Amino acid sequence: MWRWSLHKKVERDPRKSPALVRILLRELEKAESEDLRHVIIPLLHTLMYVLTKATGITEELYQRTYTFCTRLLTLPTPYCTVALDYAIRLKTETAVPGTLYQRMVIAEQNLMNELYPYQERVFLFVDPELVSASVCSALLLEIEAAQVQQTPEACMRHVVSHALQAALGGACQAGALHRKLQASPRRSLERYFHAVVAAVEQMASEATPSRAGHLERLEEIYCSLLGPAAATRGRCGGDPLQDRPPSTPLPSPYITFHLWTDEEQLWKELVLFLRPRSQLHLSANLEALDLQGFQPDQEWARVSVLSTDSGIERDLPSGADELPAPSIPEGEHAGLQRKGGIKKRVWPPDFLMPGSWDGPPGLHQRTGRPSGDGELLPGVSRLHTARVLVLGDDRMLGRLAQAYHRLRKRETQKFCLTPRLSLQLYYIPVLAPEEPVASRQPKLGELAAFLGRMDPWYESTVNTLCPAIHKLAEMPPSLDTSRTVDPFILDVITYYVRMGTQPIYFQIYTVKIFFGDLSQDPAEDIFLTELKVKVQDSKFPREGCSPRRRGAAEGPGAELSLCYQKALLSHRPREVTISLRATGLVLKAIPASDTEVSGAPHRPSTAAPVTDHTCLNVSVTEVTKSSNLAGRSFSTMTNTFRAANIQIQSQDQRLLTLLLDKDNRRTFRDVVRFEVAPCPEPCSRVQKSRESWVNSHGQKEMEMTKAKPKPLLMPINTFSGIVQ
């Protein structure tokens, strides 16, 4: 709430921006001197958000903020990671004020411009079976109410006004400029918009941008807007008609609301986002993308075909391939030539991006800084950023993990989305309001609680949003559209998707399930948070089994055989096999407390995340038998251990029931055996490597060893990642 109030002060009265920046800088320097690291990242995010929205910030304040960020580079992650990102942005913003605001609005509102062609979109997914209809309708109404006023013309006015005020400062007549832009027709407005964008982007792309040169170019645009009377900046210091200059708001990003009812819905929306605006049909166009349509997984397998092609062009039948170029003599063309061994992938003509979409060379898709991760393939840039935000509990995250796994698996067959799309995942917990927090959080909010423990700013900003969402759903809808309201929930969502840039990676686990009915094929699924095992009362028939001896007491539960690989810090393989009687098991992939962080998913410092230590926390409710004078009695006790993978089989004809990610819709019954292991990255393959060693005779020998495939990790963005 304090952060939201601070940003609203900047938006309502831009003249307070320099004072607020000085206060935040003072608090940051105080936290640095007193070693209060837990408040550095929240204050730094708040300061950068203010600097992005504000105008009239002096060069001295920009320089102080940049110097502070450079001092944070000596700290460990995540402090140095966040500080480096902001230091690079501040270097451009200091020389060319207004760059961050302009790029953010252009990308989020999809204002097409050749000099900055990047586009972003927020996809808000809600499962109607997990979130109430009142919450869905309240969120949809708030999003629509905010976006009604965010027309392309209004966003272009904001860009022009903010760029001129940020560059000219107090010499800009903000009121007159605002009235002039409001009265300008669309064609004139577009001309001013493209002129301002060209001036800012061309100066920002220079190796040593000059603030004086940038100021001179924007002065020309300013004078062309307000006429020759605005030529002398000394006479333009104030606006006689208005004491308080009109605010230039930062529009919320373009958000699309989706009820998640289809398994392939996420992939469909991402494909439509990549399509040019002239092609927005779902029917036949998606088939033309060469993306395998919407076929199920079993049709993704590649089919081996016996080739009879000799590889020599003259052996080809007439018309089988391209016609020879007319400039090449036919005798020379018929000579022995080798056909290319690797066939180039030909993209459909309607999917090829225009040349202007490739963007400036080396320009980052969001920050505009020089970076190599913007281009994965030659000539292909990630110009689109999809920010997928899911609302719900752990069951919704399990569904997101399924969609993410299918998307990654599809990309192994048709490499279409990955080169052009940057996928960012976000999560806001929305839990049932009727249950108390004390009993609800361990059930369906474990991942949200883990994110809150790892990132305190996520805990205070996002995890506290759930009560406000339910309160919004209980309020009656307002029919007065003329009254301007402050959409608190939408503002928090906007702040999260903009500033939450540090992901925490979670291991996805695959489970292979074998049923008691031998005619039923084994099933395979994945889970993200939890797998729960219960013992059924029914048994499966087994041929040749001897009847139980009369008088033998059958205890509760089932006889289970467990074979698992211990999770060791040394990564040495150590298998353990045990048999016991148990009434149930719970396999958790999310640690329950801070003491288990060493075995938790984590955010690596490298660009390609590599998990150093992933493990399952297995809790077994074991049945123990004791004898006394009254007879035999049974008691239960819970044993916990950590495993990298595990295989469990029922030994006494008892059937098992599996529940994945706490979702009753993902229940498997009549199970006799199942295997759980880290889900491998579909794009990776098992690679062989050579290891040299010296035998007992002193001779060097080589041995082939198989390297494990990369595990599939699902990132969820937070504000700082894991704070140590």
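Quick summary incoming for the structure in this document. (Residues numbered from 1 in each chain as written. Predicted model: local features only at pLDDT ≥ 70, side-chain atom pairs only at ≥ 80, totals over all residues. Heavy atoms only, no water.)

### Quick look at the overall build of the protein
Alright, step 1. Within the protein, the secondary structure is distributed over 20 helices and 19 strands.
Alright, step 2. A total of 724 residues make up the protein; the buried ones form 51% of that total.
Alright, step 3. Here the contacts in the protein between residues at least 6 apart in sequence split such that 76% fall between residues at least 24 apart. (Helix = DSSP H or I, 4+ residues; strand = E, 2+ residues; numbered from the N terminus. Buried < 20%, exposed > 50% of the residue type's maximum accessible area, 1.4 Å probe, protein only. Contact = heavy atoms within 4.5 Å.)

### Quick look at empty space enclosed by the protein
Alright, step 1. Enumeration over the complete set of coordinates arrives at ten cavities of 30 Å³ or more.
Alright, step 2. In this structure, the second largest cavity spans a volume of roughly 80 Å³.
Alright, step 3. Taken together, Val 10, Glu 11, Pro 14, Ser 17, Lys 53, Ala 54, Thr 55, Gln 165, Pro 246, Ser 247, Thr 248 and Pro 249 make up the full set of residues lining the second largest cavity.
Alright, step 4. Classifying every residue of the lining of the second largest cavity by side-chain character gives five nonpolar, five polar and two charged. (1 Å grid on protein atoms, 1.4 Å probe; cavity = no way out; pocket = protein on both sides within 12 Å on 5 of 7 lines; lining within 4 Å. Points joined across faces, edges and corners; volume = space filled by probe spheres on them. Nonpolar A, V, L, I, M, F, W, Y, C, P; charged D, E, K, R; others polar.)

### Observations regarding the sheet that holds strand E2 (residues 255-259)
Alright, step 1. Strand order across the open sheet formed by four strands is E2-E1-E5-E6, with parallel pairing between neighbours. In this open sheet, the two edge strands, each paired with only one partner strand, are E2 and strand E6 (421-429). For this sheet, the mean inter-axis angle between neighbouring strands, taken without regard to orientation, is 20 degrees.
Alright, step 2. Across the face of the sheet, helix H7 (residues 133-148) comes into contact with strand E1 (119-126), E2 and strand E5 (384-392) while running at roughly 160 degrees to E2. (Pairing = 2+ DSSP bridges. Axes fitted to C-alpha atoms, helices over the stretch in contact; angles between N-to-C directions.)

### Regarding the environment of Thr 464
Alright, step 1. If you trace the backbone, Thr 464 turns up in the loop between helix H18 (456-461) and helix H19 (465-474).
Alright, step 2. By relative accessible area, which is 47% here, Thr 464 ends up partly exposed.
Alright, step 3. Taking the C-alpha atoms as reference points, Thr 464 and Val 430, separated by 34 residues in sequence, lie 10.0 Å from one another.

### Regarding the pattern of salt bridges
Alright, step 1. As enumerated under the stated definition, the model contains 29 salt bridges in all.
Alright, step 2. Note that Glu 129 and Arg 665 form a salt bridge whose closest N and O atoms lie 3.0 Å from each other. Of the two residues, Glu 129 is situated in the loop between E1 and H7 and Arg 665 in the loop between strand E15 (654-660) and strand E16 (667-678); the sequence distance between them amounts to 536 residues.
Alright, step 3. Among the charged side chains, a salt-bridge network with shared partners connects Asp 127, Glu 129, Arg 399, Asp 663 and Arg 665. (Salt bridge = Lys/Arg side-chain N within 4 Å of Asp/Glu carboxyl O.)

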